[in-house]
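Close look at the chain arrangement
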Amino acid sequence: MAEETENDNNLVPANDRIIPINIEDQMKSAYIDYSMSVIVSRALPDARDGMKPVHRRVLYGMLDLGVTSGKPYKKSARIVGDVLGKYHPHGDSSVYDTMVRMAQDWSLRYPLVDGQGNYGSIDGDPPAAMRYTEARLKKIAEEMLSDINKDTVDFQNNFDDSLQEPTVLPTRIPNLLVNGASGIAVGMATNMAPHNLSEVIDGTIAFIDNRDIEVPELMQHIKGPDFPTGALIYGYAGVQDACNTGRGRIVMRAKAEIETTKSGKEQIIVTEIPYQVNKANMIERTADLVNEKKLEGISAIRDESDRTGMRVVYDIKRDANANVVLNNLFKYTALQTSFSVNNIALVKGRPVLMNLKDMIREFVEHRHDVIVRRTRYELAEAEKRAHILEGYLIALDHLDEVIKLIRNSDTPEDARLGLMEKFGLSDLQARAILDMTLRRLTGLERDKIKEEYAELMKTIDYLKSILADEDLRMKIIKDELIEIKEKYGDERRSQIVHSAEDMRMEDFIDDEEIVITISHNSYVKRTPLSEYKRQGRGGRGSIGTNTREEDFTEHIITASAHNYMLLFTEAGRCFWLRAFEIPEGSRTSRGRALQNIINVPKEEKIKAFILVKNLKDQEYLENNFIIMCTKKGTIKKTSLEAYSRPRANGINAININEGDQLIEACLTTGSSEIVMALRSGRAIRFNESTVRPMGRTATGVRGITLSSESDEVIGMISVNDSETTVLVVSEKGYGKRTDIEDYRVTNRGGKGVKTINVTDKTGELVAIKGVTDAEDLMIINKSGIVIRIAVEGLRVMGRATQGVRLINLKDNDEIASITKVDREEESDEESGDIENPTAEDNEGSASEENIDSNEE
């Protein structure tokens, strides 16, 4: 029993080695240690060289192995094994994957590894195994490692304390900005975009010249990210956010062109895709959407990419609109994607969110530190060499004595001590003299020593001046950066295009007079007004637009490029558009689908438009009104202020009854005279004050009573002065001007009075405009012919006359649209055939009868 008790007592001390702790505290401290290790030693790049530890170790390991750009390639397995065994004790795949990525020109803007063999593809194909591929450093990577052996950076022990590895690279390249970085740590992540080397160096030099430079000034040099795969950066707001704050969402779009084949079919050709998009997955996903009927209008997708470049072809069905299809591809597929910038990097071992200026500052400070340390190292080496040369010169001056002393010494040690004692030499100098070869005693070699010493003293003075002068050090940094730019700088790959959301785009656009045309099938374009020359009345006109057979120009609008356009659809919805946002086209081009520019539903047509100079002036908004009329004769008045807040998906402008549609809208001051005209040739005039202002969603009140069920309103004008005359045009090219006073004021809602004598020859009424002698008239017919004539060439005649021929129409052609434009200030040479008015033209002028008996 005693033995058992003694044994039991011997077990007691074992329990004393178990230390009770709080599990919550232990979990907390252990997790913090783990997270800091991930943040500092794995996931986040250093702000100075833009490298994570694994990248740094791969590059240093390759340098250590001697696989520089001028040496033969070495097997990747050899390199990976060396890095694993010396510096990075983790999985071999982590090292190989890192090296592969640094060799892919679609992953890094400026690749650092020169790979030979299969290194994967942009389609997501994996690289060959490391035993098959070979690699060596690229020249640009050597610039990141230059001067590493000159005590320019701190070294630390490797994982087993057997070797030393650099804590940071003494890079000459601002790699953090140039190649970017991405990584997920614990509780934080980083995602930095690559930039163009030439732009970054220009921005860095601007920062060195002016330390107080602001980010917007830096952005004059560094325009924005420059992705390896090119493509487009769509919109500038995200770029500005990223540069100013370190966070921002950059929208990337593929570079796509619409081409027409010889057979007349349209194709969308994609030659560049957004950064980090897998091309094969993108095509597969698009094909799935087509099969699921979520994407309409695509008949086939082909990947025609080869070693010369990327080419993905989308065949468009004949009945589809290529612009609309492209718009949907951007919306539903990876042809448009975003890059969320989050500039977090390690500054002095701590994760910091940095803007553009912060990143440049960190690089410049690091580079400055490298220059100082390199200069100190070179100065120490130069002084060490100068010290030895001074010993040589002393020995050469006392050559016979030195030789005699050495010959009389029993041992080298005696000779060393004798030299130090007799000539006052240092230990280093004495040893150097004893190691000197006999050939150094020749006259020529003695002269070389003296020359070397003189040059060395100049070098020492220069190095000391560098250490004493910060401006000189900054000049060295600039000179080295300029050298890097000349060696490796290239053109920008990613083009920046401004999106509709970008503000102050008018700063980039001339406020010129333009003509905006909208076709029946909702194709829109803008053209400088100067492209349309004035012609005489009765001319044949000039080609205005090349349209498809079933399409024709429906609206011609003259505007200033900075105007706001309020577009009204037949269903009563209002959309906003700046005039300069409309793509520019030649006079004969078809234009671009309106659905590509604003979110107009496919089934709705634009029926009316209003030009507004400013949507910010409250007084202007409250004292102006929009009057709208519908095909069935309803009229409605609403304050302009109700339409001053643009929305991407539009707003309801008027409530339209079933079977009716909006046809006209105009801007008024509240006291205008309103004239509404019917297809049957009748018109009514009443004062705007008889229509009370209503809310945006109201239906309105009756403006004119239709003469029959088949009749409809064709237009409405508002008149503010006595100089304006009423111009009416029939579908077969006849028109005339009449004094507004010929239309007596009646009550709103009446049947109106005759405004033109409608006959088979004239056709029914198609347009009504308020015009003055200071304006020109632009007429376009359904076949695309445009004529421009001076209004003053049309004489004012009676209300019930037939009018004169304004344009000669061929075959069954008809007038499609009329608009008025301001007279050009310069004198245009009139072109086109000017015909004298014939008897036929003047027909009816003799019979200008007043038929007030029919008036209500």
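Residues numbered from 1 in each chain as written. Predicted model: local features only at pLDDT ≥ 70, side-chain atom pairs only at ≥ 80, totals over all residues. Heavy atoms only, no water.

So the rule is basically this: UniProt positions are given in the numbering used here, feature names are shortened, and annotations may be inferred rather than shown by experiment.
The name recorded for the protein in an unreviewed UniProt entry is DNA gyrase subunit A, from Sphingobacterium detergens. Quoted verbatim from the Catalytic activity (unreviewed entry) field of the UniProt record, the comment on the protein reads "ATP-dependent breakage, passage and rejoining of double-stranded DNA." In its Subcellular location (unreviewed entry) section, the UniProt entry covering the protein states "Cytoplasm".

**Looking at the overall build of the protein**
Quick note on the threshold: Note on conventions: DSSP H or I runs of at least 4 residues are helices, E runs of at least 2 residues are strands, and numbering of each starts at the N terminus. Burial classes follow relative accessibility: with a 1.4 Å probe on protein chains only, a residue under 20% of its type's maximum area counts as buried, one over 50% as exposed, and anything between as partly exposed. Contacts are residue-level and defined by heavy atoms, with any inter-residue pair within 4.5 Å sufficient. Computed with the Shrake-Rupley method and a 1.4 Å probe, the accessible areas treat only the protein chains shown as cover for residues.
Assigned secondary structure in the protein consists of 19 helices and 41 strands. Counting the 856 residues in the protein, one finds 51% classified as buried. Of the contacts formed within the protein by residues at least 6 apart in sequence, a portion of 73% connects residues at least 24 apart. Accessible surface, the protein: about 40800 Å² in total, of which carbon and sulfur atoms supply 46%.

**What about the sheet that holds strand E12 (residues 298-303)?**
Applied cut-off: Two strands make a pair as long as DSSP finds a minimum of two bridges between them. Note on geometry: axes are lines fitted to C-alpha atoms, helical ones only across the stretch in contact, with angles between N-to-C directions running from 0 to 180 degrees.
Pairing is antiparallel across the open sheet formed by four strands, whose spatial order is E10-E11-E13-E12. Where the open sheet ends on each side, the last strands, each with one partner, are strand E10 (255-260) and E12. The mean angle between the axes of side-by-side strands here comes to 20°, regardless of whether they run parallel or antiparallel. As paired strands, strand E11 (residues 266-272) and strand E13 (residues 312-316) are joined by four bridges and run antiparallel to one another. Paired with Ile268 across the strands is Tyr314, a residue of E13. Contacting E12 and E13, helix H11 (residues 279-291) runs over the sheet at an angle of about 165° to E12. Sitting on the sheet, helix H12 (residues 322-332) is in contact with E10, E11, E12 and E13, with an inclination near 40° to E11.

**Here's the deal with empty space enclosed by the protein**
Selection rule: In this analysis a 1.4 Å probe is tested at points of a 1 Å grid over the protein atoms alone, and where it fits but cannot get out there is a cavity; an open set with protein on both sides within 12 Å along at least five of seven lines is a pocket; lining residues have an atom within 4 Å of a point. Grid points are joined across faces, edges and corners, and a volume is the space filled by probe spheres set on the points.
Applying the stated criterion across every chain, the model contains two cavities of 30 Å³ or more. Empty space within the largest cavity amounts to approximately 120 Å³. Around the largest cavity, the lining comprises 14 residues; the ones closest to its centre are His195, Ala242, Val341, Asn343 and Met359. Among the elements of the structure, helix H7 (175-179), helix H10 (237-245) and helix H13 (356-397) are those that each provide at least two residues to the lining of the largest cavity. Element by element, the count of residues in the lining of the largest cavity is highest for H10, at three residues.

**Some remarks on the pairing of strand E7 (residues 189-192)**
Relative to E7, strand E6 (residues 181-184) is paired through four bridges, and the arrangement is antiparallel. In the strand pairing of E7, Ile184 is matched with Ala189. Counting the residues between successive antiparallel strands, the hairpin from E6 to E7 contains four residues, one of them, Gly187, with a positive phi of roughly 85°.

**A closer look at the packing of aromatic side chains**
Applied cut-off: Each aromatic pair joins two rings of Phe, Tyr and Trp (for Trp, the six-membered one) with centres within 6.5 Å, and gets the label stacked for planes under 30 degrees apart, edge-to-face for over 60, and tilted for any other angle. Whether a charge sits over a ring depends on NZ of Lys or CZ of Arg being within 6 Å of the ring centre and within 35 degrees of the ring normal.
Under the defined criterion, the tally for this structure stands at seven aromatic pairs. Ring centres 6.1 Å apart and planes at 35° place the aromatic pair Tyr275 and Phe339 in the tilted group. Of this pair, Tyr275 sits in the loop between E11 and H11 while Phe339 is found in strand E14 (residues 336-342), placing the two residues 64 residues apart along the sequence. Summarising the burial analysis for this pair, Tyr275 and Phe339 share the class buried. Pairwise contacts between aromatic rings join Tyr60, Tyr87 and Phe155 into one cluster. Directly above the aromatic system of Phe330 lies the positively charged group of Arg253, at a separation of 4.1 Å from the ring centroid. Geometry around Tyr564 places Arg578 over its ring, the cationic atom sitting 4.1 Å from the centre.

**Regarding the UniProt feature "active site" (unreviewed entry) in the protein**
With numbering aligned to this structure, UniProt lists the feature "active site" (unreviewed entry) at Tyr132. Using a relative accessible area of 53% as the deciding quantity, one classes Tyr132 as exposed.

**Some points on helix H17 (residues 443-468)**
Applicable threshold: By definition here, a helix of n residues has an expected span of 1.5 Å times n minus one.
Compared with the 38 Å implied by 1.5 Å per residue over 26 residues, the 38 Å span of H17 between its first and last C-alpha is a close match. The complete set of buried residues in H17 reads Glu445, Ile449, Tyr453, Leu456, Ile460, Leu463 and Ile466.

**Points about the environment of Asn599**
Positionally, Asn599 belongs in the loop between strand E24 (592-593) and strand E25 (606-612). Judged by its relative accessible area of 44%, Asn599 falls in the partly exposed class. Those residues in contact with Asn599, other than ones at most four positions away along the chain, are Phe575, Ala648 and Asn649.

**Describing the sheet that holds strand E27 (residues 634-639)**
Overall, antiparallel pairing links the four strands, which are arranged E29-E26-E27-E32 in an open sheet. Only two strands of the sheet have a single neighbouring strand rather than two, namely strand E29 (662-668) and strand E32 (701-702).

**Some words on the nonpolar core**
Rules: The term nonpolar core refers to a set of buried residues drawn from Ala, Val, Leu, Ile, Met, Phe, Trp, Tyr and Cys, joined through side-chain atoms within 4.5 Å.
Leu59, Met62, Met99 and Leu112 are the most contacted members of the largest nonpolar core, which totals 102 residues. Per element, the largest residue contribution to this core is 15 residues, and it comes from H13. Apart from the residues lying within four places of it in its own chain, the contact partners of Leu112 are Met51, Leu59, Met102, Leu137, Lys138, Ile140, Ala141, Met144, Asn175 and Asn179. Core analysis: the second largest hydrophobic core is formed by 24 residues, Met282, Val290, Met310 and Val325 among them.

**Points about the environment of Met219**
The topology assignment puts Met219 in the loop between helix H9 (215-218) and strand E8 (232-234). Along the sequence, Met219 and Cys243 sit 24 residues apart, while their C-alpha atoms lie 7.8 Å from each other. When sequence neighbours within four positions are dropped, the list of residues in contact with Met219 reads Tyr236, Val239, Gln240, Cys243 and Leu356.

**Focus on the packing of H13 against helix H18 (residues 470-488)**
Short version of the rule: Angle categories are assigned with fixed cut-offs, so that under 35 degrees is roughly parallel, over 145 is roughly antiparallel, 65 to 115 is roughly perpendicular, and the rest are oblique. Here the term charged refers only to Asp, Glu, Lys and Arg, the term nonpolar to Ala, Val, Leu, Ile, Met, Phe, Trp, Tyr, Cys and Pro, and the term polar to all other amino acids, Gly among them.
Across the interface, H13 lies against H18 with an axial gap of 10 Å and an inter-helix angle of 110°. By the criterion of interaxial angle, the relationship of H13 to H18 is roughly perpendicular. In contact with Phe363, Val364, Arg367, His368, Ile371, Val372 and Arg374 of H13, H18 contributes Glu470, Arg473, Met474, Ile476, Ile477, Glu480 and Leu481. For the contact of H13 with H18, the per-class residue count stands at eight nonpolar, one polar and five charged.

**Quick word on unusual backbone geometry**
With phi around 70°, Asp147 is a residue other than glycine that occupies positive phi space. Overall, the relative accessible area of 15% leaves Asp147 in the buried class. Unlike most non-glycine residues, Asp151 shows phi in positive territory, near 55°. For Asp151, the location among the structural elements is in the loop between helix H6 (139-145) and strand E4 (155-157). A relative accessible area of 45% places Asp151 in the partly exposed class.

**Structural notes on a nonpolar patch on the surface**
This is how the line gets drawn: Within this analysis, patches are made of residues with over 30% relative accessible area and no salt bridge. Like charges are joined at 9 Å or less; nonpolar side chains (Val, Leu, Ile, Met, Phe, Trp, Tyr) at 5 Å or less. A carboxyl oxygen of Asp or Glu within 4 Å of a side-chain nitrogen of Lys or Arg is what we treat as a salt bridge.
On the surface, a nonpolar cluster with roughly 230 Å² of combined accessible area is contributed by Ile32, Met36 and Val40. Tracing the sequence through the fold places Ile32 in helix H2 (residues 23-43).

**Topic: the side chain of Ser146**
Stated formally: Nitrogen and oxygen atoms within 3.5 Å of one another constitute a polar contact, given that in protein one can donate a hydrogen and the other can accept it, and given that sequence-neighbouring residues count only through two side-chain atoms.
The topology assignment puts Ser146 in the loop between H6 and E4. Within the local environment of Ser146, its side chain forms a polar contact with the side chain of Arg172, the two groups lying 3.2 Å apart. Setting aside chain neighbours within four positions, we find Ser146 in contact with Pro170 and Arg172.

**As for the pattern of salt bridges**
Across all of its chains, the model carries 47 salt bridges by this definition. Note that Asp82 is salt-bridged to Lys86, the shortest N-O span being 3.4 Å. Placement of both Asp82 and Lys86 in helix H4 (residues 76-86) is noted, with a separation of four residues, approximately one turn of the helix. Given the relative accessible area of 16%, Asp82 is considered buried. Between Asp202 and Lys485 there is a salt bridge, and its shortest N-O distance comes to 2.8 Å. Here Asp202, found in helix H8 (residues 197-209), pairs with Lys485, found in helix H18; they are 283 residues apart in sequence, far enough to count as distant. On the basis of relative accessibility, which here comes to 30%, the residue Lys485 falls in the partly exposed class. Several salt bridges share partner residues, and in doing so they unite Glu143, Asp147, Lys150, Arg172, Arg367, Arg374, Glu378, Glu480, Glu483 and Lys487 into one network.

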